[in-house]
Every structure is written in structure tokens, then in C-alpha cells.
Amino acid sequence: MDNALSRVLRETDFILGHAVDRFEARFARYCQTEYAVGVDSGTSALELALRACGVEPGDEVITAANTFIATALAITYTGATPVLVDVDPRTHTLDVSALPDAFTERTAAIIPVHLYGQPAEMDPILALARRRGLVVIEDACQAHGATYKGKRVGSLGDAAAFSFYPAKNLGAYGDGGAVVTNDARVAESLRMLRNYGQSQKYVHELRGYNRRLDTLQAAVLEVKLQYLDQWNARRREHAGLYESLLSDAGVTTPETAAYAEHVWHLYVIRAGDRDGLRRRLAERGIATGIHYPVPIHRQPAYADLGYARGAFPATERIAAEALSLPMYAELTPEMIETVAAAVHACTREQVQA
Ligand SMILES: *Cc1c(COP(=O)(O)O)cnc(C)c1O
């Protein structure tokens, strides 16, 4: 890492430098796509992908109600309206059976979210989209390296957005993101959109932005990409160990769909008294997270979408019951055994209480 960063300091090519080109080429190859375009965050990746694929003000874009707020924000930034659908309670990804009811004349795109590291059920989503001429943008911000029926996420839709926020499976030393695509025109448009809309110096084809991937971050990512598969394999081992240790702990462990190779960005269990379990684990020094405690349609920022409480039952149940246990490559089996033993002890205490 020191060498990679020193090289940028020596070359002083801080803006769209060599490391950006190199990382883009490597990341595209990794995702089994033709092109990768580095941008400044996952949120930008989603927004610019929507714009590059032609989504406009007044359009509607369908996405899952159980996702990080950025998926909806990116839609809003384009001037389009987010239209939410529920998730499958088993996989926590977009419920394909809910899609037909969400389509209107204004639907322009679908954003399936590969949530917690598990790919959404892409084939039926792509088939429905193709029939209606809709764009499909994958939100792959939590799923670097995951596969769907053997194909890498990112290579499945018209374009896909990745985030390199430090806590993601592939994380920079700050913010970063990328869009991958097989469409040369989309890639070309993204390169302009991220760089003031410029096709050549001082010629601005579009009203673009300043949303470039920083060269120092690209250098960091170029180094870390070499380890991503190894780190994802460790996460899978950790998930397997949690699964075997928690099978009789009075909680619901996550399911992996038959089509998926999961990369376990998060290890999300479900518990009836989630808040009690979380408090008891904290008392034992075990930090947990909730992804996500307030679904998009219950956020104050999206009150104007007009969805009622109860509109998306699976999503709301996840919000009430989901608990993310520690998950990262560097965990040891002993640490996982400690966490699992604590979950057992806490659920026993809850039964007695
Ligand atoms: C992290 C994340 C984003 C946003 O990425 P940033 O780099 O933080 O802007 C979007 N969607 C999902 C599902 C995410 O997890």
C-alpha cells in the first residue's frame, strides 16, 4: 500500500491519474464486464448510471423498500420518483411477484439491490424488464464479487453501481464508487457525466458533474482488489460457522438462494425480541447493527411518497427483527464461537425473563 500511494505522490497525477485507468481495467475484468468508470461514491454511481441509461425527470424507478437510503436518493437526484416494492422474506431481496403491480406508463427502470451480499433474483427481473423495455441498474454496493448462476454481479443488468465506502467488501481509504457496464455508449456518457460533461477539454456535451474517483483511492483499491476473493471466501467460512453454531439458538439464520454465491457483506439474523437481544449482547461487549431499522417508506425524507405503515410487511418485519452480527474477513473462529455462545446465553436469559 505504501508503494502504491508513494507512486501517486511521485507522479502527482491526482485527478484521473494512471491508477484510475488501471483500477478501472482490473475492476471491469473482475466484474466480467467491458467497462468500469470510477466515480466518487456508490450514490453517485447509482445516479450517474440512471442518467447515462436515459432516466429523466418525471420517470418512475422501481426499487426495494428494504435498502439503504442512498438507492432512493440516487433516483430522486435524477428527478425521477422512487416506486417501492416489498422484499422476499427469505432472501431479503426484491420480491419479483410484487413487480407487475408496480409498473405504470412512467416506469423507466428497475434497481434490484443485492442486499447484504446476496444477489437479487435477476432472471425474472430481467425478463420482465425486457418485455417492457425497461432499464435494469444493479445496486451492487454490498455485493462485490457475488455471483448469480455463476455470473458476477455487475455483469447482469444494463449497468451496475458499486460503492467503495471503507466498510464495504472492497473498501477505499475514504469515499469511492464505480459503474460497470457492457454498453460502450453508457460508458462514454458516464466518463463525461463524472467530469463536467466534457468530451474534450473545454467542450461540454452535457451538464455534467465533478464526481471522479480520486487517484489515491484508486491506488488503494488496485492493491485491495487482489485480495477480494480471498476475503470473500473468509466471510463465507464465517457465515458457515455461524450457521452451524446458531441453528438451535432460538434465532432465524439467513438463507442463501440456490442461484447465489453470497459474499456476506452483512450477517443478518432475525430475532423476535431483537432489541432485547441487542441490549444483552452489548452488555457482553458484542457490537451489532441493524440494517435497516427504518425502511425507506417510513423515513421522514420520503413521507411525501405517501406509503402507509404496513405497506410492505416483509420489509417492516425485517426492520423489527433483523440483527447484524459481527462480520468481516479478519474474524477468527474463536471470535465467532464467542459471539454464538453469547447469542445462546442471551436468548436463554430472554426465555427466563
Ligand atoms: C453503501 C450503499 C450505497 C451508497 O454508497 P456510498 O458509497 O456510501 O455513496 C448504496 N446502496 C447500498 C445498498 C449501499 O449499501
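Residues numbered from 1 in each chain as written. Predicted model: local features only at pLDDT ≥ 70, side-chain atom pairs only at ≥ 80, totals over all residues. Heavy atoms only, no water.

Asker: What is the right way to read the overall build of the protein chain from this model?
Answerer: Scanning the protein chain for helices and strands turns up 12 helices and 14 strands. Against the globule reference of 20 Å for 353 residues, the protein chain gives a C-alpha radius of gyration of 21 Å, in line with a compact fold. Projected onto its principal axes, the C-alpha positions of the protein chain cover 70 × 55 × 35 Å. The proportion of buried residues among the 353 residues of the protein chain is 58%. Sequence separation of at least 24 residues holds for 69% of the intrachain contacts in the protein chain that already meet a minimum separation of 6. As presented, the protein chain carries roughly 15,300 Å² of accessible surface, and 49% of it is formed by carbon and sulfur atoms. Separation between the mean location of the 36 positive side-chain charges and that of the 43 negative ones in the protein chain comes to 2 Å. (Helix = DSSP H or I, 4+ residues; strand = E, 2+ residues; numbered from the N terminus. Rg over C-alpha atoms; globule rule 2.2 N^0.38 Å. Buried < 20%, exposed > 50% of the residue type's maximum accessible area, 1.4 Å probe, protein only. Contact = heavy atoms within 4.5 Å. Areas by Shrake-Rupley, 256 points an atom, 1.4 Å probe, with all protein chains shown as cover. Lys, Arg positive; Asp, Glu negative; His and termini not counted. Charge placed at Lys NZ, Arg CZ, Asp CG, Glu CD.)

Asker: Just checking my understanding: could you explain the pattern of salt bridges for this structure?
Answerer: Any two side chains of opposite charge can pair if their charged atoms end up close together. Counted under the stated rule, the structure contains 17 salt bridges. The salt bridge involving R7 is made with E11; its shortest N-O contact spans 3.4 Å. With R7 and E11 both in helix 1 (residues 2-11) and 4 residues apart, the pair spans about one turn of that helix. Taking relative accessible area as the criterion, R7 reaches 35% and is therefore assigned partly exposed. E222 is the partner of R22 in a salt bridge, and the nearest nitrogen-oxygen pair spans 2.9 Å. Placement of the pair is R22 in helix 2 (residues 18-30) and E222 in helix 8 (residues 215-225), with a sequence separation of 200 residues. A relative accessible area of 24% places R22 in the partly exposed class. Via salt bridges that share partners, R22, R26 and E222 belong to a single interconnected network. (Salt bridge = Lys/Arg side-chain N within 4 Å of Asp/Glu carboxyl O.)

Asker: Hey, could you run me through the packing of helix 3 (residues 42-52) against helix 7 (residues 184-193) in this one?
Answerer: At a minimum axis distance of 9 Å, the contact between helix 3 and helix 7 shows a crossing angle of 125°. Viewed along their axes, helix 3 and helix 7 adopt a mutual orientation that is oblique. Crossing of helix 3 over helix 7 shows right-handed handedness. Along its contact with helix 3, which presents L48, A49, R51 and A52, the element helix 7 presents V186, S189, L190 and L193. Across the contact of helix 3 with helix 7, the residue classes tally to 6 nonpolar, 1 polar and 1 charged. (Axes fitted to C-alpha atoms, helices over the stretch in contact; angles between N-to-C directions. Parallel < 35°, antiparallel > 145°, perpendicular 65-115°, else oblique. Left-handed = near helix turned anticlockwise from the far one by under 90°. Nonpolar A, V, L, I, M, F, W, Y, C, P; charged D, E, K, R; others polar.)

Asker: I would appreciate a short explanation of helix 11 (residues 313-321) in the present structure.
Answerer: Along an α-helix, residues three or four apart share an orientation, since each turn contains 3.6 residues. Those residues of helix 11 that sit buried are A314, T315, E316, I318, A319 and E321. Buried residues along helix 11 sit in contact with strand 13 (267-270), helix 10 (274-283) and strand 14 (322-325).

Asker: When you look at the nonpolar core in this model, what are you seeing that I'm missing?
Answerer: Considering soluble globular proteins, one finds that nonpolar side chains tend to be buried as a cluster. Judged by nonpolar contacts, the single largest core of 51 residues is most densely connected at F23, F27, L99, I110, F162, F164 and L170. Mapped onto this core, the elements with two or more residues apiece are helix 1, helix 2, strand 3 (81-85), helix 5 (99-102), helix 6 (122-132), strand 8 (159-163), strand 9 (177-181) and helix 8. When residues of this core are assigned to their parent elements, the largest contribution, 6 residues, is made by helix 2. Non-local contacts of F164, meaning those with residues more than four positions away in its chain, are made with F23, F27, H144, L170, G171, A172, G174, G176, G177, A178 and L221. Counting 26 residues, the second largest nonpolar core, distinct from the first, contains L46, L48, A49 and A159. (Core = buried A, V, L, I, M, F, W, Y, C linked by side-chain atoms within 4.5 Å.)

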